[in-house]
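The residues making up each chain are set out below.
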Amino acid sequence: MLDFYRFTKAEFIKLKSSGMFWLATAGTVFTNLMMAVIPYNFAIVSEYLEMDPLGSWEGWIRFHYLGILPMLLPMYLVILCALALLMENRARSWKMLYALPSSKAMVYLSKLKVVALVFAFSHLLFVLLLVLIPLVVGSAFAQFNPPVDLLMKLGFGTIFSCMGILSLVYFISYFFRSFVLPLAVGILGFVLAQLIKDYHLDGSYFPFSWPSITMDSIFLGHPDWETLGINLLFLSIVTLLGFVLANRDQTKSF
Amino acid sequence: MVELEGVSFQYSGNNPLIRDISFKLDKGGILGLLGHNGSGKSTLMKLIGGLLRPKSGTIRIMDTALDELDRKTLYKNMSMMIEEPSLYGHLNIWDNLRIRSLYHQTDPDKITSVLQQVGMSKFRHRKTAKLSTGMKQRIGLAAALLSDPEILLLDEPTNGMDPQGIIEIRQMIKGLSKSGKTIIVSSHLLSEIEKTANEVMILKNGENVFFGSIENLQGHRDLESFYLNYA
């Protein structure tokens, strides 16, 4: 346990001024600004998404969550995982990481934990900016109180619903030490999830469908606990598999 | 301290990279591995460091077979710098060494002393991406010394260093040996090994073509031709 704490601390030091750090902070701010620029400059009233971004808090939130997030999230997770591993490839540190007085799986777990925390941080920052921007700009709907309950459910629901995808793309990035493969999986996953949604198929067992199912269910007022449960089970299984394989991992890339 | 018995290694389906290597190095000894590029020096280091598993033969560290040593004991007592130092370019020297000290559970104060040892104290806030090759080598050495290991594996440690730096590192290695550390150092430069090691092994295509004391090697009148002839 002490080893895990020290390894996690080391991972946090690695975050300083790293690509991951900038993606999580500047990348999130940029996304929020982009999302704000569009409805303030173009009239967007989407019947398909049942929203009017500047009509109410719910319309504004729906625009953010249903407009672009389903596409951004899988790509964001792929890039986040790739950057976390790229850092080690660039530093040529795998030899060093495999010669530490601790189990090799500690490296796998501590890095996964930090990637998950960075993702959670960036999503909560996204939610915070989503509320702040209309208040600062002085939008008409911002005179009412934001629906904190909905935002909390969406914020944390999205974070948990992405853990399945995160564990999968992290697993692929870690063991294949490749950027292209997880990216291909991310794109394929997103396309399949869209098809599943468009054709009203059951996506309960497809990780890339889980964020969308969770968001929809929260907007409908009936959070889908079953999908969240499957998601956390999937996260546990993939992480356990990664733990076992990381311990057995031989130094093929040396 | 370090003993190899008939160690061979090859990647599956390829030619052997290390063939039947045996030697014994006592505590406080410095073994110099000599050989041209691609002779198997780094592969042998990786085998001794437990990063690769031999196809056949036995490696004993501190009188225990490497397979039977648990990772904690092995890597508390052994440190290595193989090929190039592992440094995070976006971080400064201090942060890079802090990461190592966390991994090895060493006191952060030790960072100051190892930086002094390798003559890099005044650069502690410099980003490692901006360091010269020689400076990176020094930081790699500092990182290897952080855990105060009994055994040090140093692959071409003076690579890219200026003459002054080479002399300093050579003296440091000798000093470490005097304090009881067992060191295996590799180089393709005969002059370097001659001035640093007390035992020498010349590798050619993964094979041990000469093993003996440095005095033994120096006994040959034309040392350079002798080395070139073997390697």
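Reference entry: report on the structure contained in this document.

The rules behind these values
- Residues numbered from 1 in each chain as written.
- Chains lettered and ligands numbered in written order.
- Predicted model: local features only at pLDDT ≥ 70, side-chain atom pairs only at ≥ 80, totals over all residues.
- Helix = DSSP H or I, 4+ residues; strand = E, 2+ residues; numbered from the N terminus.
- Rg over C-alpha atoms; globule rule 2.2 N^0.38 Å.
- Buried ≥ 20, exposed ≤ 12 C-beta atoms within 10 Å, placed from the backbone.
- Contact = placed C-beta atoms within 7 Å.
- Expected span 1.5 Å × (residues − 1).
- Arc of directions from axis to C-beta.
- Nonpolar A, V, L, I, M, F, W, Y, C, P; charged D, E, K, R; others polar.
- Axes fitted to C-alpha atoms, helices over the stretch in contact; angles between N-to-C directions.
- Parallel < 35°, antiparallel > 145°, perpendicular 65-115°, else oblique.
- Left-handed = near helix turned anticlockwise from the far one by under 90°.
- Pairing = 2+ DSSP bridges.
- Core = buried A, V, L, I, M, F, W, Y, C linked by C-beta atoms within 7 Å.

### Let's talk about the overall build of chain B
For chain B, the count of helices and strands is nine helices and 10 strands. Radius of gyration (C-alpha) of chain B: 17 Å, near the 17 Å computed for a compact globule of 231 residues. With the principal axes as the frame, chain B shows a C-alpha extent of 45 × 40 × 35 Å. Taken over 231 residues, chain B has a buried fraction of 48%. Within chain B, counting contacts between residues at least 6 apart in sequence, those at least 24 apart form 70% of the total.

### Side note on the overall build of chain A
A tally of helices and strands in chain A yields 11 helices and zero strands. Shown N-terminal to C-terminal, the secondary structure of chain A runs as helices and strands in the order α-α-α-α-α-α-α-α-α-α-α. Relative to the compact-globule value of 18 Å for 254 residues, chain A shows a C-alpha radius of gyration of 19 Å, a close match. Projected onto the principal axes, the alpha-carbon positions of chain A cover approximately 60 × 40 × 30 Å. Taking all 254 residues of chain A together, 40% fall into the buried category.

### With respect to helix α6 (residues 163-178) of chain B
All names here are of chain B. Look at α6: 23 Å from first C-alpha to last across 16 residues, which is about the 22 Å you get at 1.5 Å a residue. Among the residues making up α6, those that are buried are I166, I169, I173, L176 and S177. Buried residues along α6 cover an arc of 100° about the axis, so they all sit on one side. Relative to its buried face, α6 has exposed residues pointing more than 90 degrees away, namely P163, Q164, Q171, G175 and K178. Residues of α6 that are buried sit in contact with β3 (30-34), α5 (133-145), β7 (151-155), β8 (182-187) and α7 (190-196). Within two residues after α6, G180 carries a phi angle of roughly 100°, on the positive side.

### Here we look at the interface of chain B and chain A
Interfaces are frequently sized by the accessible area removed from exposure as the parts join. With 25 residues of chain B at the interface, the matching set in chain A holds 23 residues. Elements with a contribution of two residues or more to the side of chain B that touches chain A: α2 (71-77) and α3 (93-103) of chain B. Take the side of chain B that touches chain A: its biggest share by element is five residues, from α3(B). Tallied by class, residues from the side of chain B that touches chain A come to 11 nonpolar, seven polar and seven charged.

### Quick look at the packing of helix α6 (residues 105-137) of chain A against helix α7 (residues 148-161) of chain A
Residue and element names in this part refer to chain A. Taken N-terminus to C-terminus, the directions of α6 and α7 make an angle of 155°; their axes are 9 Å apart at the nearest point. What the angle tells us is that α6 and α7 run roughly antiparallel. Considering only the axes of α6 and α7, their crossing is right-handed. Contact residues: α6 offers F119, A120, H123, L124, V127 and V131, while α7 offers L151, G155, T158 and I159. The class makeup of the residues in the contact of α6 with α7 is seven nonpolar, three polar and no charged.

### Section: the environment of I79(A)
Residues and elements named next belong to chain A. Among the structural elements, I79 can be located in helix α4 (residues 69-91). In this structure I79 comes out as buried when scored by C-beta crowding, with 20 C-beta atoms within 10 Å. For the pair formed by I79 and L100, sequence separation is 21 residues and the distance between their alpha carbons is 27 Å.

### So, unusual backbone geometry
Residue and element names in this part refer to chain B. Of note in the backbone geometry, M62 takes a positive phi value of approximately 50° without being a glycine. Residue position: M62 is located in the loop between β4 (56-61) and β5 (64-65). For M62, a count of 16 C-beta atoms within 10 Å corresponds to the partly exposed category. Although it is not a glycine, D148 adopts a positive phi angle of roughly 50°.

### A look at the pairing of strand β1 (residues 2-9) of chain B
Residue and element names in this part refer to chain B. As defined by bridge partners, β1 adjoins strand β2 (residues 18-25) across five bridges and the pair is classed as antiparallel. Along β2, the bridge assignment pairs V2 with L25. Here β1 runs beside β4; their pairing, made up of five bridges, is antiparallel. Note that in β4 the partner of V2 across the bridge is I61.

### Section: the nonpolar core
All names here are of chain A. Core analysis: the largest hydrophobic core is formed by 128 residues, its most contacted members being L77, L80 and V115. The element best represented in this core is α4, accounting for 14 residues. In contact with V115, not counting residues within four places along its chain, are L80, C81, A84, L166 and Y170.

### So, α6(A)
When the terminal C-alpha atoms of α6(A) are compared, their 48 Å separation across 33 residues agrees well with the 48 Å that a helix rising 1.5 Å per residue should span. Just beyond α6(A), the residue with positive phi is G138(A), at close to 85°.

### Observations concerning the environment of L203(B)
All names here are of chain B. Along the chain, L203 falls in strand β9 (residues 199-204). The buried category is assigned to L203, around which 26 C-beta atoms lie within 10 Å. Distance from L203 to G89, taken between C-alpha atoms, is 33 Å for residues 114 residues apart in sequence. If we ignore the near neighbours within four places in the chain, the residues touching L203 are L33, L34, G35, S39, G40, K41, L44 and N208.

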